[in-house]
Amino acid sequence: MKICIYGAGAIGGYLGVQLARAGADVSLVARGAHLAAMRERGLTLLAGEEKHTVHPRCTDNPAELGVQDYIIITLKAHSITGVIEKMQPLLGPHTRIVTAVNGIPYWYFYKHGGDYENSTLESIDPGGRQWREIGAERAIGCIVYPATEIEAPGVIRHVYGNNFPLGEPSGEITGDVQRLADLFVAASLKAPVLDRIRDEIWLKLWGNVCFNPISALTHATLDVICTDPATRALSRAIMVETQGIAETFGVKFRVDVERRIEGARKVGAHKTSMLQDLERGRPMEIDPLVTVVQEMGRLTGIATPALDSVLAMVTQRARIAGLYDGVSASTDPRALAVA
Ligand SMILES: NC(=O)C1=CN([C@@H]2O[C@H](COP(=O)(O)OP(=O)(O)OC[C@H]3O[C@@H](n4cnc5c(N)ncnc54)[C@H](OP(=O)(O)O)[C@@H]3O)[C@@H](O)[C@H]2O)C=CC1
Ligand SMILES: CC(C)(CO)C(=O)C(=O)O
């Protein structure tokens, strides 16, 4: 079973070490100093007191790797469109694409049913290129619950968690998704196979849509955002808007807003990935986590005034820092019309 991890940074590197330790035939696509370090010294995972180094194939040229059984995409979601062409040599008739990213994935409306079946979302998949050229029919959903960081080139620091729920867009428990889950479990990861993967996508996104932009705007950690009455109330307002949109698409939330906020508070003095990206001068994942919820609100006719305000500000913050060049609330006349 040939597995390629495309964008083997913090999360992909963690997966890569664990899969390689389990004996999987895994290749990593990466770039820059991180790639050079992995080629020279291998890829090291630091997890508590444990240290593991593996030496999988590493490249910035996917054409060297040939057709894969599974491609696990662990790029920042806004980078996916940019690699469509380079990904083509990895794709065979049976290749499955696992979207191990935060936010709404390009395949969201594949096998969704209802009025939006086969729709694409402009904020995450401009022109529907991911849907057509990577293939919605290849997709397996994946939620990323762990937190990890690139501590130095070639070195991944595990912070917490090992849970990567998986699921087919159709909800079927196919051989493909079960084989992948079995491999993850052999690699000391949790990988429950879900028959309603979209519910879990929104449960994770529920936090990202509010905590990430609020943290980038305030530089507050999760515990502070969830404790301070004003930022907690703003988070709640965005979550309520988001819940209304998701439920219109048939999503069921298994916890309520207060419990979700409490869960995030208990994570502690953690900087969200969007704040970390701002501080490190890396492009911010605004469209897959925030703009897309606004776009889905527009589709359903649900107003998102709290989200619109925060999105307008975080987009401007990111632009000023030179870390955003996407479509946003502040340039989208539909957003201005409703907000
Ligand atoms: N890290 C975490 O704790 C968590 C992350 N997530 C989600 O997981 C996803 C991945 O995040 P994360 O692992 O943190 O991101 P990283 O930026 O650490 O990893 C992505 C990697 O892909 C590389 N890359 C980007 N473009 C290319 C390219 N064209 N060719 C080859 N390599 C490329 C990046 O290199 P470069 O640095 O040069 O851009 C980087 O090393 C995101 O959606 C994130 O929101 C979810 C939960 C927690
Ligand atoms: C902080 C957390 C866990 C939820 O918002 C996250 O997923 C992120 O930082 O991107």
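Residues numbered from 1 in each chain as written. Chains lettered and ligands numbered in written order. Predicted model: local features only at pLDDT ≥ 70, side-chain atom pairs only at ≥ 80, totals over all residues. Heavy atoms only, no water.

In the nomenclature of an unreviewed UniProt entry, the protein corresponds to 2-dehydropantoate 2-reductase from the organism Bradyrhizobium niftali. Under the UniProt heading Catalytic activity (unreviewed entry), the entry covering the protein gives this text: "(R)-pantoate + NADP(+) = 2-dehydropantoate + NADPH + H(+)". (UniProt positions renumbered as here; feature names shortened; annotations may be inferred.)

Draft legend 1. How the structure looks around the UniProt feature "domain: Ketopantoate reductase N-terminal" (unreviewed entry) in the protein. The sites that carry the UniProt feature "domain: Ketopantoate reductase N-terminal" (unreviewed entry) are, in the present numbering, residues 3-104. Counting secondary structure, residues 3-104 comes out at 25% helix and 30% strand; the distance between its end C-alpha atoms is 23 Å. (Helix = DSSP H or I, 4+ residues; strand = E, 2+ residues; numbered from the N terminus.)

Draft legend 2. Seen up close, the sheet that holds strand β3 (residues 43-47). Ordered in space as β4-β3-β10-β9, the four strands form an open sheet in which the pairing is mixed. Of all strands in the sheet, those with a lone pairing partner are β4 (50-54) and β9 (147-152), marking the two edges. Neighbour-to-neighbour, the strand axes of this sheet turn through a mean angle of 25°, independent of strand direction. Taken together, the five bridges between β9 and strand β10 (residues 155-160) define a ladder with antiparallel strand orientation. Among the inter-strand pairings, A147 is bridged to a residue of β10, identified as Y160. Contacts between helix α2 (residues 32-41) and the sheet are confined to β3, β4, β9 and β10, with β3 contributing the most and set at about 95° to the helix. (Pairing = 2+ DSSP bridges. Axes fitted to C-alpha atoms, helices over the stretch in contact; angles between N-to-C directions. Contact = heavy atoms within 4.5 Å.)

Draft legend 3. Fine view of the site of ligand 2. Taken together, the residues surrounding ligand 2 are N102, Y160, K204, G207, N208, N212, L222, H270, T272 and S273. Here an oxygen atom of ligand 2 and a side-chain polar atom of N102 are 3.4 Å apart. Here N208 contributes a side-chain N or O atom positioned 2.8 Å from an oxygen atom of ligand 2. A total of 290 Å² of accessible area belongs to ligand 2 in isolation, and the protein chains cover 88% of it. (Near = heavy atom within 4 Å. Polar contact = N/O pair within 3.5 Å; in protein donor to acceptor, adjacent residues only side chain to side chain. Areas by Shrake-Rupley, 256 points an atom, 1.4 Å probe, with all protein chains shown as cover.)

Draft legend 4. Representation of the nonpolar core within the structure. Of all hydrophobic cores here, the largest spans 72 residues; its most connected members are M87, I104, W202, M284 and M296. Ranked by residues supplied to this core, first place goes to helix α6 (residues 197-218) with 11 residues. Composition of this core by domain shows at least three residues from each of domain 1 (2-186) and domain 2 (197-338). For M296, the contacting residues outside a window of four places in its chain are I104, Y108, F109, L121, W202, I245 and F249. (Core = buried A, V, L, I, M, F, W, Y, C linked by side-chain atoms within 4.5 Å. Buried < 20%, exposed > 50% of the residue type's maximum accessible area, 1.4 Å probe, protein only. Domains from an automatic or database assignment.)

Draft legend 5. Structural detail: the site of ligand 1. In the vicinity of ligand 1 there are 22 residues, among which I11, R31, T148, R282 and E285 approach most closely. With respect to ligand 1, the backbone of A10 contributes an N or O atom lying 2.9 Å from an oxygen atom. Side-chain polar atom of E285 to an oxygen atom of ligand 1: 2.6 Å apart, as the coordinates give it. Contact with the protein chains removes 84% of the 880 Å² of surface that ligand 1 exposes when unbound. Mapped onto the shell around ligand 1, the elements with two or more residues apiece are α1 (10-21) and β9. If one sorts the elements of the shell around ligand 1 by residue count, β9 sits on top with three residues. Residue assignment places the shell around ligand 1 across two domains, with domain 1 (2-186) and domain 2 (197-338) each supplying three or more.

Draft legend 6. Representation of the side chain of T74 within the structure. Relative to the elements of secondary structure, T74 occurs in the loop between β6 (70-73) and α3 (84-87). Residue classification places T74 among the buried residues on the basis of a relative accessible area of 11%. Within the structure, the side chain of T74 is placed 2.7 Å from the backbone oxygen of G7, a separation counted as a polar contact. The contacts of T74, once residues within four sequence positions are left out, are I5, Y6, G7, A8, I11, G12, L15 and A100.

Draft legend 7. Examining the packing of aromatic side chains more closely. Per the counting criterion, the structure on display carries nine aromatic pairs. Ring centres of Y110 and W131 lie 6.1 Å apart, and the angle between their planes is 75°; this geometry places the pair in the edge-to-face category. Separated by 21 residues along the polypeptide, Y110 in the loop between β7 (96-100) and α4 (129-135) and W131 in helix α4 bring together distant segments of the chain. With respect to class, Y110 is no different from W131; both count as buried. On the basis of an interplanar angle of 70° and a centroid distance of 5.2 Å, the ring pair of Y116 and F249 is categorised as edge-to-face. Taken as a pair, Y116 in the loop between β7 and α4 and F249 in the loop between α8 (229-248) and α9 (257-267) lie far apart in primary sequence, 133 residues in all. Site record: aromatic cluster; members linked through ring pairs are Y108, F109, Y116, W202 and F249. (Phe/Tyr/Trp six-rings, centres within 6.5 Å; stacked < 30°, edge-to-face > 60°.)

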